[in-house]
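# Understanding the architecture of this molecule
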Amino acid sequence: MNYVSTRGAVPALGFDDVLLEGLARDGGLYVPAEWPQLDSAALRALAGLDYAELALRVTWPFLGGAIAEDDYAELVRDTYAAFDHPEVAPLVALGRDEWLLELFHGPTLAFKDYPLQLVGRLFDHVLRRRGQRITIVGATSGDTGSAAIEACRDRAAMDIFILHPKDRISEVQRRQMTTVRSANVHNVAIEGTFDDCQDLVKGLFADAAFRDEVGLSAVNSINWARVMAQTVFYFWAALRLGAPDRPVAFAVPTGNFGNAYAGYVARQMGLPVSRLIVGTNQNDILTRFFETAAMEIRAVEPSLSPSMDIQVSSNFERLLFDMVGRDGARVAALMKAFRDSGRLAVSGEMLRQVRQLFAAHRLSDPETLAAIKRVYDDTGQLLDPHSAIGVAAGRACRRPEDGPLVALATAHPAKFPDAVERATGVRPALPARLADLYAREERYAVLPNDLGAVRAHVRQHRRATAGKKRGVA
Ligand SMILES: *Cc1c(COP(=O)(O)O)cnc(C)c1O
């Protein structure tokens, strides 16, 4: 299996190189050169497997033999054995033909654990085999950071730097990152927005000399292996609800578009996904795109669902690549226009085609609170604000012919206790593994929104240079 860049200006690479590279050197994102196919018989053979076995079978074709099958099997089983729920991702009935897929039973209580716990192990495996070390730099709007830190902490071959927008993530989210006491974990609060953090990371990647000097790598949602691991959600839920003999619709609360795009990948592989309903908060660039065929940047406004406070959805470029017939030069031109003018438009015909699969819906903060309350009143289920946006978007957009609807619950309600309490009067308790979070000591640096400052900080603190002094390998 080879991977090509969405901007078409670099050679194709194998899985392990794509894993370590993250962003392609032409600024594009890697996608598989072709989609592995699972026909109805192959899908039926997957029904009834447990989560880890299913993950192994669904993702294996993407590795193209880059890792020995036995090693990969062990790594996948080890990944999901560490989750808190015996089913890993339980599917809970919400209403008539309406389901909630709980993706918050990992170490940091958000869905990003599902891909990142696997990706951390993949990195470690490939690096050890190659005798290499790397510096991971990522931007987080809240949940990616802690999930990435949990996936990479204490691994000898990696340092991890996570940039978060200062005072713009919840206290639980910040503490989950800043209380990790591992020598290879470096938290940085940036005086700016999440998009500023993301731009800083892109700026570091654009500096080829620096990139080589520190062995820069990414685990944020542009990393292909994360998308790959997320396709499993869709197979897991749809197979339980009657696929391949029945189509299934999904509602996905969306920011960087990684999770929703993974649903698209599952469908490209042959899973009968009838619809992908994208839910956004007032930072609604994607909803506006699916309404108007134009992406237009606006300022980011803080919301009750901070992990979706994003105006540039990185993974959208992967869908765009397919929309323009996999013409990398065309994607590069569109992305340049977007960068220069803040606007990107596709034809009405292209929009009509993607809307056969995608629908989108936005919720304001008051609507999000009302959605949390409504589900709680009807079912007793507490939803975090992100998950509530998914459920409400699904309800707003689903059509009778779409089949059962699965809403992805992307965070545990206790990660956003203030919003949940405001909506329902009930304050969700943190699960046992995080019960003493507020008593743990925090550690992080604060830096201005300045590329030079961030570059200097990474140089100074990564262990490859400072390690001998501090006595860590
Ligand atoms: C990251 C995140 C999202 C958005 O996922 P994308 O893949 O970036 O679209 C939604 N909800 C929660 C809780 C998240 O952490």
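A brief report on the enclosed structure follows.

Criteria and thresholds
- Every residue gets a number counted from 1 within its own chain, in the order that chain's sequence is written.
- Per-residue local features are limited, in this predicted model, to residues with pLDDT of at least 70; the limit for side-chain atom pairs, both in listing and counting, is 80 or more; totals at the level of whole chains, interfaces and linings are taken over all residues.
- The side-chain figures draw on all heavy atoms in the structure; neither hydrogens nor water molecules are used.
- Strand pairing follows a simple DSSP-based rule, namely that at least 2 bridges must link the two strands.
- Only DSSP runs of H or I with at least four residues qualify as helices, and only runs of E with at least two residues qualify as strands; both kinds are numbered from the N terminus onward.
- Contact between two residues is taken to exist if any of their heavy atoms lie within 4.5 Å; hydrogens are not considered.
- Axis lines are fitted through C-alpha atoms, for helices just across the contact stretch, and the angle between N-to-C directions can take any value from 0 to 180 degrees.
- Nearness is judged by heavy atoms alone; a residue qualifies as near a molecule or strand once a single heavy atom is within 4 Å of it.
- Polar contact is defined as a pair of N or O atoms within 3.5 Å, subject to the rule that within protein one atom must be able to donate a hydrogen and the other to accept it, and that residues adjacent in sequence are counted only when both atoms are side-chain atoms.
- Residue burial considers only the protein chains on display, and all accessible areas are found by Shrake-Rupley using a 1.4 Å probe.
- Residue type decides the class: Asp, Glu, Lys and Arg count as charged, Ala, Val, Leu, Ile, Met, Phe, Trp, Tyr, Cys and Pro as nonpolar, and the leftover types, Gly among them, as polar.
- By definition here, a helix of n residues has an expected span of 1.5 Å times n minus one.
- Here's how the labels work: a residue is buried when its accessible area is under 20% of the maximum for its type, exposed when over 50%, partly exposed in between, all with a 1.4 Å probe on protein chains only.
- This arc is taken over the directions from the axis of the helix to the C-beta atoms.
- Salt bridge, as used here, is a side-chain nitrogen of Lys or Arg placed within 4 Å of a carboxyl oxygen of Asp or Glu.

### Quick word on the sheet that holds strand E6 (residues 158–165)
The strand order E8-E5-E6-E7-E15 describes an open sheet built from five strands, whose pairing is parallel. Two strands bound the open sheet, and with one partner strand each, they are strand E8 (216–217) and strand E15 (445–448). Relative to E6, strand E5 (residues 134–139) runs parallel, the two being bridged by six bridges. Along E6, the bridge assignment pairs Thr 135 with Asp 159. Against the sheet, helix H6 (residues 143–152) touches E5, E6 and strand E7 (185–191), its axis set at about 170° to E6.

### Some words on the site of the ligand
The full set close to the ligand counts 15 residues, and Lys 112, Asp 143, Gly 255, Asn 256 and Thr 410 are the nearest of them. In the environment of the ligand, an oxygen atom lies 2.8 Å from a nitrogen or oxygen atom belonging to the backbone of Asn 256. The protein chains hide 98% of the 380 Å² of surface that the ligand would expose on its own. Here the shell around the ligand is built from residues that sort into five nonpolar, eight polar and two charged.

### Here we look at helix H4 (residues 69–81)
Compared with an ideal rise of 1.5 Å per residue, which puts 13 residues at 18 Å, H4 spans 18 Å between its outermost C-alpha atoms and is within 8% of the ideal. All of the buried residues in H4 are Tyr 72, Ala 73, Leu 75, Val 76, Thr 79 and Tyr 80. The arc that holds every buried residue of H4, seen down its axis, measures 165°, which confines them to one face. Residues of H4 that are exposed and point more than 90 degrees away from the buried face comprise Asp 70, Glu 74 and Ala 81. Buried positions along H4 lie against helix H3 (51–63), helix H5 (113–130) and helix H10 (224–240).

### Quick notes on the pattern of salt bridges
This model, assessed by the stated rule, comprises 41 salt bridges. The residue Asp 124 makes a salt bridge to Arg 155 at a minimum N-O spacing of 3.9 Å. Here Arg 155 lies in the loop between H6 and E6 and Asp 124 lies in helix H5, a separation of 31 residues in the sequence. In this structure, the salt-bridge partner of Asp 207 is Arg 455, at a minimum N-O distance of 2.8 Å. Here Asp 207, found in the loop between helix H8 (194–206) and helix H9 (208–214), pairs with Arg 455, found in helix H19 (residues 451–461); they are 248 residues apart in sequence, far enough to count as distant.

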